[in-house]
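Structural characterization, general
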Amino acid sequence: MARDGYVVPADPQVAAAAAVKKKTQTAWSWILVDACGQGTMLDADKHAIMHRVQIHARDLRILDPLLSYPSTILGRERAIVLNLEHIKAIITSEEVLLRDPLDENVIPVVEELQRRLPPANLILQGQGDGKENPSGQNDVEAGEEDESPFEFRALEVALEAICSFLAARTTELETAAYPALDELTSKISSRNLDRVRKLKSAMTRLTARVQKVRDELEQLLDDDDDMADLYLSRKLAGTSPVSGSGGAYWLSASPTIGSKISRASRVSVATVHGDENDVEELEMLLEAYFMQIDSTLNKLTALREYIDDTEDYINIQLDNHRNQLIQVLDLFLSLELFLSSGTVCLSFYSLVAAIFGMNIPYTWNDNHGYMFKWVVIVTGAISAVLFILIMSYARYKGLVGS
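Conventions adopted
Residues numbered from 1 in each chain as written. Predicted model: local features only at pLDDT ≥ 70, side-chain atom pairs only at ≥ 80, totals over all residues. Heavy atoms only, no water. Pairing = 2+ DSSP bridges. Helix = DSSP H or I, 4+ residues; strand = E, 2+ residues; numbered from the N terminus. Axes fitted to C-alpha atoms, helices over the stretch in contact; angles between N-to-C directions. Contact = heavy atoms within 4.5 Å. Parallel < 35°, antiparallel > 145°, perpendicular 65-115°, else oblique. Left-handed = near helix turned anticlockwise from the far one by under 90°. Nonpolar A, V, L, I, M, F, W, Y, C, P; charged D, E, K, R; others polar. 1 Å grid on protein atoms, 1.4 Å probe; cavity = no way out; pocket = protein on both sides within 12 Å on 5 of 7 lines; lining within 4 Å. Points joined across faces, edges and corners; volume = space filled by probe spheres on them. Phe/Tyr/Trp six-rings, centres within 6.5 Å; stacked < 30°, edge-to-face > 60°. Buried < 20%, exposed > 50% of the residue type's maximum accessible area, 1.4 Å probe, protein only. Salt bridge = Lys/Arg side-chain N within 4 Å of Asp/Glu carboxyl O.

1. Things to note about the sheet that holds strand 6 (residues 95-99)
The strands making up a sheet associate through hydrogen bonds between their backbones, and the pairing can be parallel or antiparallel. In space, the six strands of this open sheet follow the order 2-1-6-5-4-3, with antiparallel pairing throughout. Strands at the two margins of the open sheet, each flanked by one partner only, are strand 2 (39-44) and strand 3 (72-75). Going from strand to strand, the sheet's axes swing by 20° on average, the running direction of each strand aside. The pairing of strand 3 with strand 4 (residues 80-84) spans four bridges and is antiparallel. Within strand 4, the residue paired with T72 across the bridge is N83. Packed on one face of the sheet, helix 7 (residues 150-186) meets strand 1 (28-34), strand 3, strand 4, strand 5 (87-91) and strand 6 and runs near 175° to strand 5.

Structure representation (structure tokens):
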């Protein structure tokens, strides 16, 4: 008999398989790029990412590849959740987390991000002896680069990458579509029609993708509060260690946050002490890429109009061929009706002539030789009048041409 309180242990193999299954279901591949441009590969589940960047599960669900979400840029308290086509990232004030780091479309984004972020030795050199640079122009450029918050530089790289990606897809589509449309106008065939149909489907899908990114940027530009939520360095400077327990909790979560607060306070001190709702810097950034994505959308719109014009031209050609066929058929119908009417009239005339031409003795035909001639003449006249009436009625009903 089993003792009270004794628990039978589970099968180790089953427990290990369940643990592996759970791990494979929740673990995501990420690449972490810090403010110095250093990249680190890591596999983390949703809870680890949520705890690291301090976001909710509903925000992280936007980056789930199994779920279909439109292009989104969300500003949260300590992070920016970015979902733009293949770029799925979480941007904080000191690091960037990118999904699917081995994707061929994500690798250039990581390389560009690492190229634009200065290494740690350059940052320390700029803080220590930045005034000893003999070139004044380089000092100005370095100062402008330092004044741009980290989250804006990362956001700019993502927007530039997605706008360039969509612009390149649009250029490829234009290169293939315009010659195909011109070939279709010169020769209408099943092969050319199927080729244009596939290009039109691809254009429709690409237009929808570009439209989603454009709508998201337009929505951000129309709402200053949403743009203000993207100023992570400004909010970080406001949550300094002297601001209360909330700042202390956030400091304990990140070891390097102290140096980040000093830099953020230095670059945004005017904004913190001034107008906290000033979003001019981000607005200029978003407007630049909004104009670029809008230009791409205009190219697709022009391509759609060209396709519509080509379809109208083809429809006109088909209508012209159809009208020519109808005219030929109308000619054959008129000829057939003409021959049928003439056959009926001649049959009536032949019937009367045949009756009178038979070798039958008629008593009323004696001494009246002229009778046969008058019957033939009257019958011919009646047949001619009948033919004219039939053709006039057919012309009235539109069965034959005028």
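2. Quick word on the packing of helix 7 against helix 8 (residues 190-222)
Helix 8 packs onto helix 7 with a crossing angle of 155° between their chain directions and a minimal axis gap of 10 Å. Taken together, the axes of helix 7 and helix 8 are roughly antiparallel relative to one another. Crossing hand, helix 7 versus helix 8: left-handed. Class assignment of the residues belonging to the contact of helix 7 with helix 8 gives a composition of 18 nonpolar, two polar and five charged.

3. As for empty space enclosed by the protein
Tallying each qualifying case throughout the model produces one cavity of 30 Å³ or more. Of the pockets and cavities examined, the largest cavity occupies roughly 50 Å³. As for the largest cavity, its lining consists of L82, I87, A89, I91, V96, L98, V109, L113, A154, V157 and A158. Elements with a minimum of two residues in the lining of the largest cavity: strand 5, strand 6, helix 4 (107-116) and helix 7. A breakdown of the residues in the lining of the largest cavity according to their chemical character gives 11 nonpolar, no polar and no charged.

4. A look at the side chain of T92
Considering the arrangement of structural elements, one finds T92 in the loop between strand 5 and strand 6. Setting aside residues no more than four positions away along its own chain, T92 makes contact with V53, R78, A79, F150, E151 and L232.

5. So, the packing of aromatic side chains
One pass over the full model with this rule turns up three aromatic pairs. With centroids separated by 4.8 Å and ring planes inclined at 80°, the aromatic side chains of F152 and Y231 adopt a geometry described as edge-to-face. On the criterion of sequence distance, the pair formed by F152 in helix 7 and Y231 in the loop between helix 9 (224-228) and helix 10 (232-238) is long-range, its members being 79 residues apart. Residue class for Y231 comes out buried when judged on its relative accessible area of 6%. Ring geometry for Y178 versus Y306: centroids 5.0 Å apart, planes at 65°, classification edge-to-face.

6. Focus: the pattern of salt bridges
Enumeration according to the criterion identifies 19 salt bridges in this entry. Between K46 and D64 there is a salt bridge, with its nearest N and O atoms 3.7 Å apart. Taken together, the residues span a long stretch of sequence, with K46 in helix 2 (residues 46-53) and D64 in the loop between helix 3 (57-60) and strand 3 at a distance of 18 residues. A relative accessible area of 32% means that K46 is categorised as partly exposed. As a salt-bridge pair, R191 and E183 come within 3.7 Å of each other at their nearest N and O atoms. For R191, a relative accessible area of 60% puts it in the exposed group. Members of the salt-bridge network, linked through shared partners, are E112, R115, R116, E156 and E160.

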